Amino acid sequence: MTYCAAFGTRQPMWDLPRYKPPFYRRTWFLSVSTFFAAVAVIGGVFLLIERDRWRKKAAAFDYNKLEDMESASIIFDRNGQALGRIFIQNRDQVSADQLSPWLYKSVVAAEDNRFYQHTGVDYYGIARAAIRNYQAGRTRQGASTLTQQLARNSFPIELPSEDRGYKRKLLEIFVAKEIEHRFSKPKILELYLNRVFFGDGFYGAEAASRGYFAKHAKDLNLSEAATLAGLLKSPNKLSPWRNRKACMDQRNFVLGRMLELQQISKEEYTATMSQDLIVKNRRSVHQESYALDLVAQQVIAQYGRDAAISDGYRIYTTIDGELQRKAEKALREQLDVVERHEGFDHQTFSKYDNDFRAHQRLSGNEVEGNILPPPAYLQGAVVVLDNATGGILTLVGGRDFGHSSFNRALASRRPPGTAFKPLVYAAAFERGFGPGTILQDTVIDNRQVMIGGVTGILGEWGPERVDNKYEGSISARDALVKSKNAATVRLGMMTGLDHLMPLAKAAGIDSPLRPFPATYLGSSEVTLMEMTLANTIFPDGGTRPERTFIIRKIEDQAGNVVFQAKPGKVRVIKDTTAYEIHTCLADVLERGTADKTFTELGLKKFPLGGKTGTAYNFTDAWFLGYSSAVTCGVWAGFDKPSTIYRGAFSNEIALPVWAEVMKSTFATYRPKEFVQPKGIIKVELCSASGQLATDKCFETVENKETGEKVQRRTTFFEIATEEQAPKVGCEVHNGGANRSFVKVIPGEEWPRAALAVDVSAVQVVTLKAPTVIGFDPYNSIQSVNNAVAMSSLNGQTAPVNSSAIVTGAPAPGTAPQEIEVRRAEPVQPMQEQTLLDTTIKPPPIPPLDF
């Protein structure tokens, strides 16, 4: 019972209103709350565990990789200009103070305007991007911060961008937070700007600045910095070289964002918006050339491929970049002219280039089975060496590296032809012969040389003219200046291969030379680099650089020198010999086989020397020449030896290239006069004997105008050493120091035997048929024919090719007669069948009957 005070009565308790507790104290709510609390606790514990797990995962990353970026090794020319790079990613890593302040501001404005507020992840940005993307119905805006982008770029394997899964995204968030924990904001920006891709092969702001604007990243102005920041959205699509308008629109967008964020003033914004975008001419970052390929090969061989492409070496070469470009241009233009020459019947560069470009455009499936053959067009090579050091100033190994990377200047061994002759004469002069030595420029039996055959006579392609004539007795100087083949072979035989071959080896020719007389005319194959090095002995006083080289110095990223070239010198011949050869090679340009140098080709008359080189059958054209400062070698020919065209002399093919290259050297490598060394004297010699001239050295000649007989002195002045100079006077004109105590009888007073018959009264009988009828086992008739043919050529036009058919001098009133000159061959005995066919057969004798 319950007592009620108001009514003074007592009521039962079950009659009172029932008490209802609040909902949060009710059982169902407490149950649900307890459940969700339990779930929350469990979830919280799970999240803490997971956060700790992902943190540990992120912490396990090697964050040294952020600073350990692959940097391109840069190749510089001798003047400090960048020629090319060796890289996987074309990057130049620089410190924070080497980046323009405008670049920091523009990148933050364009990519992450809350960079300085968040701790690696911008949750506000994520929400904003989610809303905008939902409203647009597609993904239009990302929410990745600069730190997250740095994480993806630094760990591409662990955080592959193509993986769209939540696990990769979650790991990226924790890695970004770890980066923010380990590095300061300025350092994160520095790492980001050194690593990201700016399009067109440029990684990092420094490489992009130099590539697009030809300046360092620290020197970028506001417009250029905004341009680079705008490229980050879509580097390839917004390239200023591919889509200039889109690039400028994106630059202007970045400038607008900077104005909104109050990073620039209204005046700066207006002024920059009105500026035009100025970028440098496009140049492929993958510079392909024979010179750069050689540099890359040597660096990789020295330090390994991985180090060469990622350790950021600074490689300083001997290459003169401007001279290199001019040499490439000169070779290309000259060979284009040659391909248009009458009689040229080969594949042309333009035809192959069209096929090559068409092949490059084929898709993957189309390329299969459609293999483009290697080029068969006319090739060429150019080498320029620094005489003092052996540094390679220019290296052109072919007409187009893209078509063929085969370096013909270094790896192609070809016969130098008559360009080899200066070494023959140098060996002879070392042996005591001299420029005044008298040689015979007359027909020579090709069996002694065996070039172009083994019979007949040796051709005279060396003088580089089709109207060349045999001159009889000439000096060694004239034989070299006019490039006489027969005279050179005779001098070589007097000198000996046992003296020539060691000299050639010492001069730098490592290719094997065949121990046969054909080597005197350059039949042994050598490389252009070897020949160019060998020719440095003439302008350098008989010495040459110890070796050729293309890398002067290599520095690591810290600036430490890890390689330094050490040039040296090697003595090859005496300085007097070198000077004598030089004076001959200078005459080659004045009056010899390259006499168009100073006239038609317009080369200034500096102290120069050079030698043409035509190989037999016009397969190869060479020119080797020099000034006091540099030596230049040029070669032209086919990869598969073939006649360029009939009459393709080197003074028409290679000499014009040499002249153009040498013109380009004069400003930087000024030629100096060649100083005559001690030991050179001047002597007067008789051209008839090669001995000292006397007062009797005259000959009687007929004046062509008047027909009168006049006396002409037969002497000339020449340089020589004391060892080379003759010691006796001319014996031909009987005025020398060789004094005889025997009575000298004039030729017309010599006593003669009385003639039995007066020959003048006897009529000469002309033979109408061969003197031998039937078999001629001793080839007596052919021997007579050979002698007649060869003697008839003396003083006549010399054939260009070695040949068994020669045109003899015509008799008065008759046409020239072609005569076969061939080697006598043993007559084969008649075969039994022939004997049976030509022998009278008696009837068989019947058998005897016993």
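Refer to the structure printed above.
Small disclaimer: the values here were computed from a predicted structure and weren't measured. (Residues numbered from 1 in each chain as written. Predicted model: local features only at pLDDT ≥ 70, side-chain atom pairs only at ≥ 80, totals over all residues. Heavy atoms only, no water.)

Undergrad: Account for the overall build of the protein chain, naming residues and giving values.
TA: Counting secondary structure elements, the protein chain contains 25 helices and 22 strands. The burial tally for the protein chain puts 47% of its 850 residues in the buried class. Within the protein chain, residue pairs in contact and separated by at least 24 positions form 71% of the contacts whose partners lie at least 6 positions apart. Summed over all atoms, the accessible surface of the protein chain reaches about 45100 Å², with 54% contributed by carbon and sulfur. (Helix = DSSP H or I, 4+ residues; strand = E, 2+ residues; numbered from the N terminus. Buried < 20%, exposed > 50% of the residue type's maximum accessible area, 1.4 Å probe, protein only. Contact = heavy atoms within 4.5 Å. Areas by Shrake-Rupley, 256 points an atom, 1.4 Å probe, with all protein chains shown as cover.)

Undergrad: Tell me what's going on with the packing of helix α8 (residues 222-231) against helix α9 (residues 244-260), and back it up with residues and numbers.
TA: The axes of two packed helices give the description: the angle between them and the distance between them. At their nearest, the axes of α8 and α9 sit 8 Å apart, and the two run at 105 degrees to each other. Accordingly, the angle class assigned to the pair α8 and α9 is roughly perpendicular. For the pair α8 and α9, contact is made by Leu-222, Ser-223, Ala-226, Thr-227, Ala-229, Gly-230 and Leu-231 and by Cys-247, Gln-250, Arg-251, Val-254, Leu-255 and Met-258, respectively. Among the residues forming the contact of α8 with α9, the class breakdown is 8 nonpolar, 4 polar and 1 charged. (Axes fitted to C-alpha atoms, helices over the stretch in contact; angles between N-to-C directions. Parallel < 35°, antiparallel > 145°, perpendicular 65-115°, else oblique. Nonpolar A, V, L, I, M, F, W, Y, C, P; charged D, E, K, R; others polar.)

Undergrad: Provide a residue-level description of the sheet that holds strand β6 (residues 379-386), including the pertinent values.
TA: If you trace the 5 strands from one edge of the open sheet to the other, you get β7-β6-β16-β15-β14, paired in antiparallel fashion. Only two strands of the sheet have a single neighbouring strand rather than two, namely β7 (392-396) and β14 (609-614). Going from strand to strand, the sheet's axes swing by 5 degrees on average, the running direction of each strand aside. Where β14 lies against strand β15 (residues 620-626), 6 bridges are found, and the strand directions are antiparallel. What sits directly across from Lys-611, in β15, is Leu-624. Running over the sheet, helix α23 (residues 655-665) touches β6, β14, β15 and β16 (630-637) and is turned about 150 degrees from β16. (Pairing = 2+ DSSP bridges.)

Undergrad: Break down the nonpolar core for me, citing the residues and quoting the values.
TA: One finds Val-382, Leu-423, Tyr-425 and Trp-658 to be the most contacted residues of the largest nonpolar core, which totals 125 residues. Dropping the residues within four chain positions of it, Tyr-425 is found in contact with Leu-439, Ala-476, Ala-479, Leu-480, Lys-484, Thr-488, Leu-491 and Ile-581. With 56 residues, the next largest nonpolar core counts Phe-61, Val-108, Ala-109 and Leu-220 among its residues. (Core = buried A, V, L, I, M, F, W, Y, C linked by side-chain atoms within 4.5 Å.)

Undergrad: Explain the pattern of salt bridges to me, and be specific about the residues and the numbers.
TA: Using the criterion set out here, one finds 43 salt bridges in the structure. Residue Glu-190 pairs with Lys-187 through a salt bridge whose shortest N-O separation is 3.2 Å. Here Glu-190 and its partner Lys-187 are both found in helix α6 (residues 185-195), 3 residues apart, which amounts to about one turn of the helix. Taking relative accessible area as the criterion, Lys-187 reaches 23% and is therefore assigned partly exposed. Note that Asp-200 and Arg-242 form a salt bridge whose closest N and O atoms lie 3.1 Å from each other. Of the two residues, Asp-200 is situated in the loop between α6 and α7 (205-213) and Arg-242 in the loop between α8 and α9; the sequence distance between them amounts to 42 residues. Sharing partners across several salt bridges, the network here consists of Arg-477, Asp-478, Asp-587, Arg-591 and Glu-718. (Salt bridge = Lys/Arg side-chain N within 4 Å of Asp/Glu carboxyl O.)

Undergrad: How would you explain the packing of aromatic side chains if you had to name every residue and give the values?
TA: The final tally for this structure, using the stated rule, is 22 aromatic pairs. Geometrically, the ring pair formed by Phe-61 and Phe-155 is edge-to-face, given 4.9 Å between the ring centres and 80 degrees between the ring planes. Of this pair, Phe-61 sits in the loop between α1 (27-59) and β3 (73-76) while Phe-155 sits in the loop between α4 (146-154) and α5 (166-182); the two residues are 94 residues apart in sequence, bridging distant segments of the chain. For Phe-61, a relative accessible area of 14% puts it in the buried group. In this structure Phe-155 comes out as buried when scored by relative accessible area, which is 1%. Between Tyr-352 and Tyr-377 the ring centres are 5.7 Å apart and the planes differ by 65 degrees, which places this aromatic pair in the edge-to-face class. Pair noted here: Tyr-352 is in helix α14 (residues 349-360) and Tyr-377 is in the loop between α15 (364-367) and β6, with a separation of 25 residues, a long-range link. (Phe/Tyr/Trp six-rings, centres within 6.5 Å; stacked < 30°, edge-to-face > 60°.)

Undergrad: Can you tell me about the packing of helix α13 (residues 321-339) against α23, naming the residues and giving the values?
TA: Put simply, α13 and α23 touch, their axes get as near as 9 Å, and they point 160 degrees apart. Here α23 runs roughly antiparallel to α13, going by the angle between their axes. Relative to α23, α13 is oriented so that their crossing is right-handed. Contacts between α13 and α23 pair Leu-323, Lys-326, Ala-327, Ala-330, Leu-331 and Gln-334 from the former with Pro-656, Val-657, Glu-660, Val-661, Ser-664 and Thr-665 from the latter. In terms of residue class, the contact of α13 with α23 is made up of 7 nonpolar, 3 polar and 2 charged. (Left-handed = near helix turned anticlockwise from the far one by under 90°.)

Undergrad: Which residues make up unusual backbone geometry, and what are the values?
TA: Of note in this structure, Asp-200 is not a glycine but carries a positive phi near 55 degrees. For Asn-617, which is not glycine, the phi dihedral falls at a positive 70 degrees. Relative to the elements of secondary structure, Asn-617 occurs in the loop between β14 and β15.

Undergrad: I'd like to hear about a nonpolar patch on the surface, residue by residue, with values.
TA: A grouping of Trp-28, Val-32, Phe-35, Phe-36 and Val-39 is seen on the molecular surface, where their side chains present a nonpolar patch of about 540 Å² in accessible area. Examined against the element boundaries, Val-32 turns out to sit in helix α1. (Patch = residues over 30% accessible without salt bridge, like charges linked within 9 Å, V, L, I, M, F, W, Y side chains within 5 Å.)

Undergrad: Describe the sheet that holds strand β11 (residues 551-555), naming the residues involved and giving the relevant values.
TA: Read from one edge of the open sheet, 5 strands run β4-β3-β5-β11-β12, paired in mixed fashion. The open sheet has two edge strands, β4 (82-86) and β12 (561-564), and neither has a second partner. Between one strand and the next, the sheet's axes are offset by a mean angle of 20 degrees, whatever the strand orientation. Bridge analysis of strand β5 (residues 314-317) against β11 gives 4 bridges, and the strand direction is antiparallel. Opposite Thr-317, over in β11, you have Ile-551 as the bridge partner. In this fold helix α11 (residues 290-303) packs onto β3, β4, β5, β11 and β12, with an angle of close to 50 degrees to the strand it touches most, β11.

Undergrad: Please give an account of the environment of Val-94 that cites residues and values.
TA: Mapped onto the elements of the fold, Val-94 is located in the loop between β4 and α2 (101-111). A residue is classified by how much of its surface remains accessible, and Val-94, at 18% relative accessible area, is buried. The sequence separation of Val-94 and Ala-207 amounts to 113 residues, and the corresponding C-alpha distance is 9.8 Å.

Undergrad: Go over the state of the cysteines with me, naming the residues and quoting the values.
TA: The tally for this structure, following the rule as stated, stands at 0 disulfides. Looking at Cys-697, it has no disulfide partner, and the nearest cysteine sulfur is the one in Cys-686, 3.7 Å off. The exposure class assigned to Cys-697 is buried, which follows from its relative accessible area of 0%. Not engaged in a disulfide, the cysteine Cys-730 finds its nearest cysteine sulfur in Cys-686; these two sulfurs lie 3.6 Å apart. Cys-730 gets classed as buried once you look at its relative accessible area, which sits at 0%. (Disulfide = S-S within 2.5 Å.)

Undergrad: Could you give an account of α7, with specific residues and numbers?
TA: Burial within α7 is extensive, with 8 of its 9 residues counted as buried. Within α7, burial applies to Ala-205, Glu-206, Ala-207, Ala-208, Ser-209, Gly-211, Tyr-212 and Phe-213. Tucked inside the fold, the buried residues of α7 contact α2, α6 and α8. One or two positions beyond α7, positive phi appears at Ala-214, with a value near 60 degrees.

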